Each structure stands twice: as C-alpha cells, then as structure tokens.
Amino acid sequence: MSRYLYSVVRCLPHPWTGEFVNVGVIAGSDDGDWTVKPIDLSPRARDFVGAAALGVAAEFLQRLQVECETSRPGEAWLVRLYEEHRNTIQLSPPMPVLADGPEAAAGVILDDLAVPADR
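A short tour of the structure in this document, coming up. In this text the structure is predicted, and so the values were computed from the model without any measurement.

Regarding the environment of Y82
Right, on to step 1. Within the fold, Y82 resides in helix α3 (residues 75-84).
Right, on to step 2. Classification of Y82 as partly exposed rests on a relative accessible area of 21%.
Right, on to step 3. For the pair Y82 and S92, spaced 10 residues apart in sequence, the C-alpha to C-alpha distance is 6.6 Å.

Printed below as a string of structure tokens:
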C-alpha cells in the first residue's frame, strides 16, 4: 500500500448558503498517477443542484481528468486547486489515504460518500 492524497469535489449551486452536494473524488500522488471519479447523483441531489451547476461540475471534473492525463501533476497541484476554488465548485482539504493505487484510493472515499442513486 502507498500513500495517496484525495479531495472531494463539491458543487454549491448557491455558495452563499454553504449547502453542497459531493459530485466527485480526485486521488493521486506526487508520482503523477491520478484518477478522477464522478459520483452518481440521486434524482433529489440533481434537483437540488440544478442543470446549470451540474454542467459546471461536469465540465470541471472533465478538465481535471484531462489535466491528470496530460500533465501528470503532483500533490501541490491538488492543494492549489483546493485553495483556489471557493465558488460553485469547491474541493475538500486534501487528505492522505493508504491504498494500492489512485483508483483504489478514490474507491475507498466513494464507498463512504456515495448514496445509491435510487434513493
């Protein structure tokens, strides 16, 4: 097992309220091996967030995926994303997790966060 850093990607349709929905997880390490996993949202969560904010979140997750694949960033990149995104999209503070790879690290976090979409 190795150490990976992860953040939960949150969508705040109205940032001034502080209410959010978790929309994805990003996990990786300084070796440049990263993964981005979206969360399958329930209909209730989709209604709360709304189409416009969901579009912003989906675009952000896609950009993260492309950046992970093309530039192989390090852990400082995730810390910078956390510090810079404070509006409709926010990231949780980066935290360490032990896993057998970034996919497994994201899976551990998703297992704790994800509510089945049929609820």
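Some remarks on the packing of helix α2 (residues 51-71) against α3
Right, on to step 1. Two numbers describe how α2 lies on α3: the axes approach to 12 Å, and their chain directions differ by 160 degrees. Taken together, the axis directions place α2 and α3 in an arrangement best described as roughly antiparallel. Between α2 and α3 the crossing geometry is right-handed. Between α2, through L64, E67 and C68, and α3, the contact on the second element is made entirely by W77, R80 and L81.
Right, on to step 2. When its residues are assigned to classes, the contact of α2 with α3 shows 4 nonpolar, no polar and 2 charged.

Description of the side chain of S29
Right, on to step 1. Mapped onto the elements, S29 comes out in the loop between β2 (21-28) and β3 (34-38).
Right, on to step 2. Only 2.6 Å separates the side chain of S29 from the side chain of D31, close enough to count as a polar contact.
Right, on to step 3. In this structure S29 touches R3, Y4, W34, P73, G74 and E75, once residues within four positions along its chain are discounted.

Here we look at unusual backbone geometry
Right, on to step 1. At R72, a position not held by glycine, the phi torsion is positive, near 45 degrees.
Right, on to step 2. Mapping R72 onto the fold places it in the loop between α2 and α3.

Quick look at the pattern of salt bridges
Right, on to step 1. Across all of its chains, the model carries 4 salt bridges by this definition.
Right, on to step 2. For R80, the salt bridge identified is with E84, shortest N-O distance 3.5 Å. Pair noted here: R80 and E84 are both in helix α3, with a separation of 4 residues, about one helical turn.

With respect to α2
Right, on to step 1. Taking 1.5 Å per residue as the helical rise, α2 with its 21 residues ought to reach 30 Å, and the 30 Å between its terminal C-alpha atoms agrees with that figure.
Right, on to step 2. A53, L54, A57, F60, L61, L64 and C68 are the residues of α2 that are buried. Buried residues of α2, viewed axially, fall in a sector of 125 degrees; they line one side. Exposed residues on α2 whose side chains face more than 90 degrees from its buried face are A51, A52, E59, E69 and T70.
Right, on to step 3. Against β1 (2-11), β2, β3, α1 (43-49), α3 and β4 (89-91) lie the buried residues of α2.
Right, on to step 4. Positive backbone phi, at 45 degrees, marks R72, one or two positions downstream of α2.

Remarks on the packing of aromatic side chains
Right, on to step 1. One pass over the full model with this rule turns up 1 aromatic pair.
Right, on to step 2. When the centroid spacing of 5.3 Å and the interplanar angle of 80 degrees are considered together, the rings of W34 and W77 count as edge-to-face. Within this pair, whereas W34 is found in strand β3, its partner W77 is found in helix α3, the two being separated by 43 residues in sequence. W77 matches W34 in its accessibility class, with the two residues each being buried.
Right, on to step 3. Taking the ring centre of F20 as reference, the NZ or CZ of R10 above it sits at 4.6 Å.
Right, on to step 4. Over the ring of Y82 we find R86, and its NZ or CZ is 4.6 Å from the ring centre.

Definitions and cut-offs
Residues numbered from 1 in each chain as written. Predicted model: local features only at pLDDT ≥ 70, side-chain atom pairs only at ≥ 80, totals over all residues. Heavy atoms only, no water. Helix = DSSP H or I, 4+ residues; strand = E, 2+ residues; numbered from the N terminus. Buried < 20%, exposed > 50% of the residue type's maximum accessible area, 1.4 Å probe, protein only. Axes fitted to C-alpha atoms, helices over the stretch in contact; angles between N-to-C directions. Parallel < 35°, antiparallel > 145°, perpendicular 65-115°, else oblique. Left-handed = near helix turned anticlockwise from the far one by under 90°. Contact = heavy atoms within 4.5 Å. Nonpolar A, V, L, I, M, F, W, Y, C, P; charged D, E, K, R; others polar. Polar contact = N/O pair within 3.5 Å; in protein donor to acceptor, adjacent residues only side chain to side chain. Salt bridge = Lys/Arg side-chain N within 4 Å of Asp/Glu carboxyl O. Expected span 1.5 Å × (residues − 1). Arc of directions from axis to C-beta. Phe/Tyr/Trp six-rings, centres within 6.5 Å; stacked < 30°, edge-to-face > 60°. Lys NZ or Arg CZ within 6 Å of the ring centre and 35° of its normal.

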